[in-house]
Every structure is written in C-alpha cells, then in structure tokens.
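Here's the letter readout for the chains.
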Amino acid sequence: MANKVWQVANGFTSSLLRECAKNDLGTKQGSYCAEAADIFKWATLDIFGKVAFNYNFGCTDSLSTTPLAHSLNYTLEDSNTRCKAANLLNPTYQLYCLPTKRNRDYKHHRQNVQDLLKEICQQRAQEINNQNKVPEDHTNQPKKDDLLTVLLKSKLESQGAKRDDTYDELVEMLLTVFFAGYDTSSVLLSMVMWSIATNPSIQQECAMEAQDASSTSSQKEPSLHEDASQWESRLAFCRAVILETLRLHPPVTLNSRVFNKDVKLDGCTIPKRTRVYLPITQIHTDERNFARPTEFLPERWVRKNATTDRWLARDFKTEPSFVENDLAYIPPANPQYVLTFSDGARNCIGHRLALQESTMIFACVVRDLTVNVPKGFVMQKRKKFALAPPVEMPLIFRRREKQS
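Residues numbered from 1 in each chain as written. Predicted model: local features only at pLDDT ≥ 70, side-chain atom pairs only at ≥ 80, totals over all residues. Heavy atoms only, no water.

Caption draft 1: Fine view of the sheet that holds strand 8 (residues 369–372). Strand order in this open sheet of three strands is 1-9-8, and the pairing throughout is antiparallel. The open sheet terminates on both sides in strands that have one partner only, identified here as strand 1 (31–35) and strand 8. Ignoring which end each strand starts from, the neighbouring axes of this sheet average 25° apart. In terms of strand pairing, strand 8 meets strand 9 (residues 394–399) through four bridges, oriented antiparallel. Pairing of T370 across the sheet is with R398, part of strand 9. On top of the sheet, helix 2 (residues 36–53) reaches strand 1 and strand 9; it is set at about 90° to strand 1, its chief contact. (Pairing = 2+ DSSP bridges. Helix = DSSP H or I, 4+ residues; strand = E, 2+ residues; numbered from the N terminus. Axes fitted to C-alpha atoms, helices over the stretch in contact; angles between N-to-C directions. Contact = heavy atoms within 4.5 Å.)

Structural data, given as structure tokens:
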C-alpha cells in the first residue's frame, strides 16, 4: 500500500512542478497558485482510488475535477448541507422522495458513482474467478492487493454456490470509507501547509529530510522510491509536523460516545446510555496534556540522533517530562492524548492510511516546492458539520532549489 500512496504523491508533485514551469518565463521562478481544499481533495481521491480498487481517477494528472470526482464531491457536500442544524427539521432537505432539484441532482450524481463502482466490482470479480481457474504458478497476471480485491475474495468465498452479483453492500462499504477520509484529509493537509508557510525553518527541515529519503546516493539503504514501506522512519520529522498539526488544528473538533453501562469516574456514577462529548481542541491545548500547548513544536514528537543526524520518534515513557535548569527543553508528547482519530475499539479504522497519505503527500510537495500564502493573508476557520476547515487557503507553490 505504501508504494501506491508514494506513487500518487510523486505524480501529484510532478503536476504541480509542471504548472510552475508554465509560468516561469525562463527564470525558474514561476509559481502556481491554488486553493488548498481543491488540490488536496484531488490528491486524496486519487490515493483512495489506487489503494481501494486500483483505479486512477486522474485528478492529480490534470489538477482538475474529473466528472466522477465531481459526482463524488457533490454527494458528500450534499450530505453536509442536509446535516446542518438549520436544515435538520426542513422536509425539503430531509425527504429524498420529494421531487426537488436538489434530490434529482443528488440521485443523478449518486447513480454515477454507484454505476462505476459496480462496474469495477464486476470486472474485478471476473478477474478473480479467472485466476482461480489457472494454477498460481502458471498465471502471468500480477496479484492485486487493494481493498476491493480483499473484500471480493471474502465475499466470493462466503457465498459458495449462491452467487450474488449486485455488489450493493461492497459499494456502500467503499463509499463509507471514502467519505470518512475525504474531507478530513483535505482539511488536515490545508492546515499543514499553513503551519509550514508560517514557519519557514520547519519547512526547510522537512524539505531536507524528504530529499534525503528520496535519494539513493548518500545512504546504503534504499530510497522511498524503491521501498516506501520505511516511510515512518525516513520521514520522521515530516510525520511529526502532521501530528502537531492534528493536535493544534484537528479536522474534527468534537466527538461523542454513548456509555453501554454505568461508569464510575472520580467518585461520580455516569449512568448507562449517557452521551459524553469529547471537546478535542480543548483536550489538545490543555497544558496538563501538552507542555507549551499553543506553540507549534514538532520536536515534541521527535528528536535528532546526534550520530546519524536523523530524526527519531520520541518515547514519552522513557524520556523525562522536564530537565532541571533547562527552560528550552520540550517534553515528549503522549500520543494517547491526541484524540483526532478517537481511541479504543471504536477508533477510526482509516487512521493508518490517513497518516500515511498525509505524510507522503506533504513530504513530496515540500521536497520539490516551496509553499507560501499571500502576504497579509489571515487564516480563518468555519464550522462545517463536525469539521473545522479554513474559510479559504490560497497557496503559492514555487520550484525549490535543491540543497547540495
């Protein structure tokens, strides 16, 4: 999976470089300006297509919204609109059976998405059946390891002789996974770009790490171009920037759980079926959980190895929480206090992919491009259902000069 994500991330960066080159007029100082929410939705969609069912939506190739991407985005935005507090009791928003333009548009775009996914399911099921008829050592077809193939094999094995070729359940499962990570990943990457645009030294450190991880000349170990599975160790500082952004700017600011039994907490009994809300932003910026909580400090997640000059993940269990007479010391962060993906048995099933795709996209972009916002730009957030995306995030990309 890591190699597929890295491939899309590199292709996305190449497209950004291509757009910069169109405007350089021979100076190599050409820039490309884009709204963060748009371009990172394209990247997220292409990664989902590649990882989930080995399909190329083509958004990052063209840096534009393809017809299918438009239908996917429409269905998601429509759901967000219907879930707004002001619309919850409005029958024209809540009743899909009414003959309104909104409902007709929703059904049209929803059908576009379902038709394509069903077609892909049918083609992949046929491929699996054909492969099952040929001995494994005689087939020349490369094995597919995407999510759809795994789900289809499980479905076909459980059905036995009773075949069901509708694939409706699989389509809904894929759409659920997609919708859960589409907007959130875009919001996260937008805020990551804001964080490094306003912290040039951190951006430079990330660029150096990403360039080293992509190079084969300076290290005996393979680069991420050859083996992307080592992304967590090779991109430790970039990952720390992602984690620190998740802490200060969580895409989802509020979550809730309902107790299925009575719970005793600090001498109080919370009865069964009580809904408890988790104010994620407040938890992440509480000084009892994180030292210097309002500061953007990736170093709370990583430390530099003096021997190898590489960043390593910190361990809050073994490292001290303070050092006497050292006011500059940054205590290691406890990842259990970051509730962006919730926690426990009901945590986000896609958190691993979200961290991986965000880190890789970010690393590839900052490796080859500088990222800035317009002079005088002030970032503001807005409420969007349970999300807190920026009102806008105009980004300016320029080709980065490689460090010797």
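Caption draft 2: Highlighting the pattern of salt bridges. Under the defined criterion, the tally for this structure stands at 25 salt bridges. One salt bridge in this structure joins E19 and R18, with 3.6 Å as the shortest N-O distance. A residue is classified by how much of its surface remains accessible, and R18, at 34% relative accessible area, is partly exposed. For E319, the salt bridge goes to R314, with nearest N and O atoms at 2.9 Å. For the pair shown, E319 and R314 are each scored as buried. Bridged by salt links that share partners, the residues D212, E221, R234 and R310 form one connected network. (Salt bridge = Lys/Arg side-chain N within 4 Å of Asp/Glu carboxyl O. Buried < 20%, exposed > 50% of the residue type's maximum accessible area, 1.4 Å probe, protein only.)

Caption draft 3: Region of interest: the packing of aromatic side chains. The full count for this structure, using the stated rule, is 10 aromatic pairs. On the basis of an interplanar angle of 70° and a centroid distance of 6.0 Å, the ring pair of W194 and F377 is categorised as edge-to-face. With a gap of 183 residues between them, W194 in helix 8 (residues 168–197) and F377 in the loop between strand 8 and strand 9 connect regions that are remote in the sequence. Across the pair, F377 and W194 agree in class, each one buried. Every member of this aromatic cluster is reached through a ring pair, and the members are F48, F53, Y55 and F57. Over the ring of Y106 we find R82, and its NZ or CZ is 5.4 Å from the ring centre. Here R247 stacks its cationic end above the ring of F290, 5.1 Å away from the centre of that ring. (Phe/Tyr/Trp six-rings, centres within 6.5 Å; stacked < 30°, edge-to-face > 60°. Lys NZ or Arg CZ within 6 Å of the ring centre and 35° of its normal.)

Caption draft 4: Quick look at the packing of helix 1 (residues 2–22) against helix 13 (residues 351–368). Where helix 1 contacts helix 13, the axes come no closer than 9 Å and their chain directions differ by 35°. For helix 1 against helix 13, the interelement crossing comes out right-handed. Side by side, helix 1 and helix 13 meet where A2, V5, W6, A9, N10, F12, T13, L16 and L17 of the first sit next to L353, Q356, E357, M360, I361, C364, V365, R367 and D368 of the second. For the contact of helix 1 with helix 13, the per-class residue count stands at 12 nonpolar, three polar and three charged. (Left-handed = near helix turned anticlockwise from the far one by under 90°. Nonpolar A, V, L, I, M, F, W, Y, C, P; charged D, E, K, R; others polar.)

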